[in-house]
Structure formats: structure tokens, C-alpha cells
Amino acid sequence: DRPSLDALDARHPVQRIATPAGTVAFRRAGRGPALVLLHGIGSASGSWLRQIDSLSAQSTVLAWDAPGYGATTPVRSPQPVAADYGARVWDWLDALGLGSGDVTLVGHSLGALMAAAAAGQRPAAVRRLVLLAPARGYARAEPAERERRRDERLATLHSLGPAGMAQRRGAAMLSPEARADDLEWVRRLMAAVDPAGYTQATHLLAGGDLDALLAALPPEGPPVVVASGSADTITPPAACEAVARTAGCPYIPLGPAGHVCALEAAEAVNRLLAEPLPGETA
């Protein structure tokens with residue numbers, strides 16, 4: 001039977017490191033090339049515990065608490081863009097001595113915008129870019145629609161608080177068949193978000209444009225792959241396939257998992273991250 005998430009949490013505790021832009025809180029395990037895991041808007045480094053534990057035999061697995069989450073210093077702008085978070089990725093990796101190359105960037109949901117921005121800032125340092133259930137952002141939506149989505153999310157946060165938001169939204173993050181312990185963990189992570197950091201991330205989502213970030217990668221840049229679960233109602237498979245089609249990269253289904261696929265489809269995600277991408281040599 002697989003270890004409990006509480007056991008993995010104790011096995012891989014949060015660390016901290018100082019960078020020029022402030023503190024970064026993160027989890028780390030293993031040795032080898034850097035595998036960098038960037039979580040989504042209502043989450044934290046703890047969403048990656050099954051990757052941290054399983055993939056450390058072949059990689060230095062790193063999962064941060066994004067700026068404004070946990071003990072990580074927020075980005076400066078009250079309405080940040082993806083590049084603000086991408087720069088913080090490299091500040092963090094440089095502080096760890098891992099920013100020079102052979103980095104695999106993995107972004108889940110909103111973390112896909114951060115990962116794509118980071119890849120564009122140092123494409124030669126990135127071995128590959130993996131986008132799990134990616135959020136495209138709303139930059140291309142009509143202004144009224146973009147503002148409505150932003151304001152609705154912030155109104156939910158302000159009216160319910162993180163704990164109430166977690167109770168209302170937690171089940172939507174997973175499939176109806178998800179394990180009860182996975183659902184409880186998702187709710188725990190969401191209930192712990194800092195409202196100020198979540199608000200900044202909401203502005204990132206509202207103004208984000210994943211398609212543009214991927215289009216800006218150089219032709220000789222890192223290979224990209226998109227993957228998601230078939231039961232994802234937050235970033236549905238059709239939307240994820242459209243990201244892949246627009247970027248000209250593979251789309252890989254992860255089975256009947258919901259949005260937080262790294263927890264619910266951990267084995268499939270671990271295989272994806274451990275094996276070469278289509279057309280890539282080991």
C-alpha cells in the first residue's frame with residue numbers, strides 16, 4: 001500500500017533558502033538533473049509529494065511554494081505577470097546552484113504559465129517543459145469576461161476565506177472516484193493559501209496568455225508536452241488538447257483523473273516525468 005500523504009509530508013519537509021528577491025520555501029529530494037515542479041493557484045508544494053518521493057532516485061526533485069504562498073516572499077507587483085514568477089524560478093535555482101542547465105520544468109494549472117515564462121527566459125537551460133492540466137489564462141478573453149472571472153474568484157475568496165473556499169471547491173479538483181485521503185489533502189492545501197498571494201495569482205491568471213508564451217519559445221528551444229486527466233472539469237481535456245495543438249506539441253492523456261492529476265494519477269504522471277518525451281532520446 002502506498003505511503004500516506006502525511007507520511008510523505010514528514011519525509012520531505014519544507015526547506016527555505018534566501019535569494020536576491022527574498023525567501024523561497026520548497027521541498028527537495030534526490031540527486032541528478034533538476035526536476036522543478038510548480039503548483040497551481042489553490043495549492044502548494046505538498047501537491048507534488050508523490051513525485052518528490054518516487055522520482056528522487058534519478059533526479060533532484062524540487063517543488064516550491066510559489067511567491068506569496070507559504071513562507072515564500074511575494075512578487076512585488078500587486079498585479080503580476082508570468083514573467084515575474086519566471087524570474088523568481090531562476091533566482092531560486094541559481095541560489096541552489098542548479099540554474100545553469102538540464103532543468104525540466106513542470107507546471108500544473110496556473111504553474112504552467114510560470115513554467116512557460118521561465119522556459120522563455122532561459123530556453124538553453126531547459127531540457128524539457130511539461131504542462132499538466134495547463135491554465136491558458138484569460139488575456140484573449142473579452143475584457144468584460146476577463147474581469148468577471150477575476151472578480152468572481154476574488155469574491156469567493158473574500159466571502160468564504162481560504163478554508164470555506166477549500167470546502168466549496170475542493171471536490172471539483174478531483175474526479176468523483178478520487179480517494180477520500182486525496183480529497184482531504186487537496187482541501188488542506190487550499191485552506192492554507194495566503195489571501196494576498198492568492199489575489200496576486202488571480203491577477204496573473206486573468207492577464208495570462210499561455211499560447212503566447214509557448215509561441216515565443218525559440219525553434220531550438222526545449223521540447224514541450226501537455227497532459228491531463230479525462231475527468232478534469234477545471235481545464236477540460238479539449239482545452240488541454242487545444243493548447244498542445246496550438247503549440248505543435250504532443251498531448252498525453254493521463255486516464256480518468258481530475259484536475260489535480262499529480263495526486264490522483266500519480267503513477268501516470270511519474271511515468272511521464274521519468275521517461276523520454278516522444279522524439280526525445282533518454
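The structure under discussion appears in the preceding block.
Keep in mind it's a predicted model, so treat the numbers as computed, not measured.

Q: Would you mind going over the sheet that holds strand E5 (residues 103-108) with me for this structure?
A: Hydrogen bonds along the backbone pair up the strands of a sheet, which may run parallel or antiparallel. Taken together, eight strands build an open sheet; the order of strands is E1-E2-E4-E3-E5-E6-E7-E8 and the sheet is mixed. This sheet does not close on itself; its edge strands, each paired only once, are strand E1 (15-19) and strand E8 (251-253). Adjacent strand axes in the sheet meet at a mean angle of 25° when their direction is disregarded. Sheet topology note: the strand E6 (residues 126-132)/strand E7 (residues 224-228) ladder contains four bridges and is parallel. Considered in E7, the bridge of Leu-132 is made with Ala-227. Contacting E1, strand E2 (22-29), strand E3 (34-38), strand E4 (60-64), E5 and E6, helix H3 (residues 82-95) runs over the sheet at an angle of about 135° to E4.

Q: Is there a simple way to think about unusual backbone geometry in this case?
A: When glycine is set aside, most residues are seen to have a negative phi, and most peptide bonds are trans. Even without being glycine, Ser-109 reaches a positive phi, approximately 55°. The topology assignment puts Ser-109 in the loop between E5 and helix H4 (110-121). The backbone of Ala-133 shows a phi angle near 45°, a positive value even though the residue is not glycine. With respect to the element layout, Ala-133 can be found in the loop between E6 and helix H5 (143-169). By relative accessible area, Ala-133 is classed as buried at 0%.

Q: What am I meant to see in the pairing of E3 here?
A: Along E3, five of the five residues are buried, which leaves the element largely enclosed by surrounding structure. Judged by which residues are buried, E3 turns out to be covered on both faces: Ala-34, Val-36 and Leu-38 on one side and Leu-35 and Leu-37 on the other are all buried. Where E3 and E4 come together, four bridges link them in parallel fashion. Paired with Ala-34 across the strands is Thr-60, a residue of E4. Handedness of the β-α-β unit built from E3, helix H2 (residues 49-54) and E4 comes out right-handed. Inspection of the sheet shows E3 paired to E5 by four bridges, in the parallel sense. In the strand pairing of E5, Val-36 is matched with Leu-105.

About the criteria used
- Residues numbered from 1 in each chain as written.
- Predicted model: local features only at pLDDT ≥ 70, side-chain atom pairs only at ≥ 80, totals over all residues.
- Heavy atoms only, no water.
- Pairing = 2+ DSSP bridges.
- Helix = DSSP H or I, 4+ residues; strand = E, 2+ residues; numbered from the N terminus.
- Axes fitted to C-alpha atoms, helices over the stretch in contact; angles between N-to-C directions.
- Contact = heavy atoms within 4.5 Å.
- Buried < 20%, exposed > 50% of the residue type's maximum accessible area, 1.4 Å probe, protein only.
- Right-handed = clockwise from strand over helix to strand, strands pointing away.

In short, the description is geometric, and any link to function would need to be established separately.
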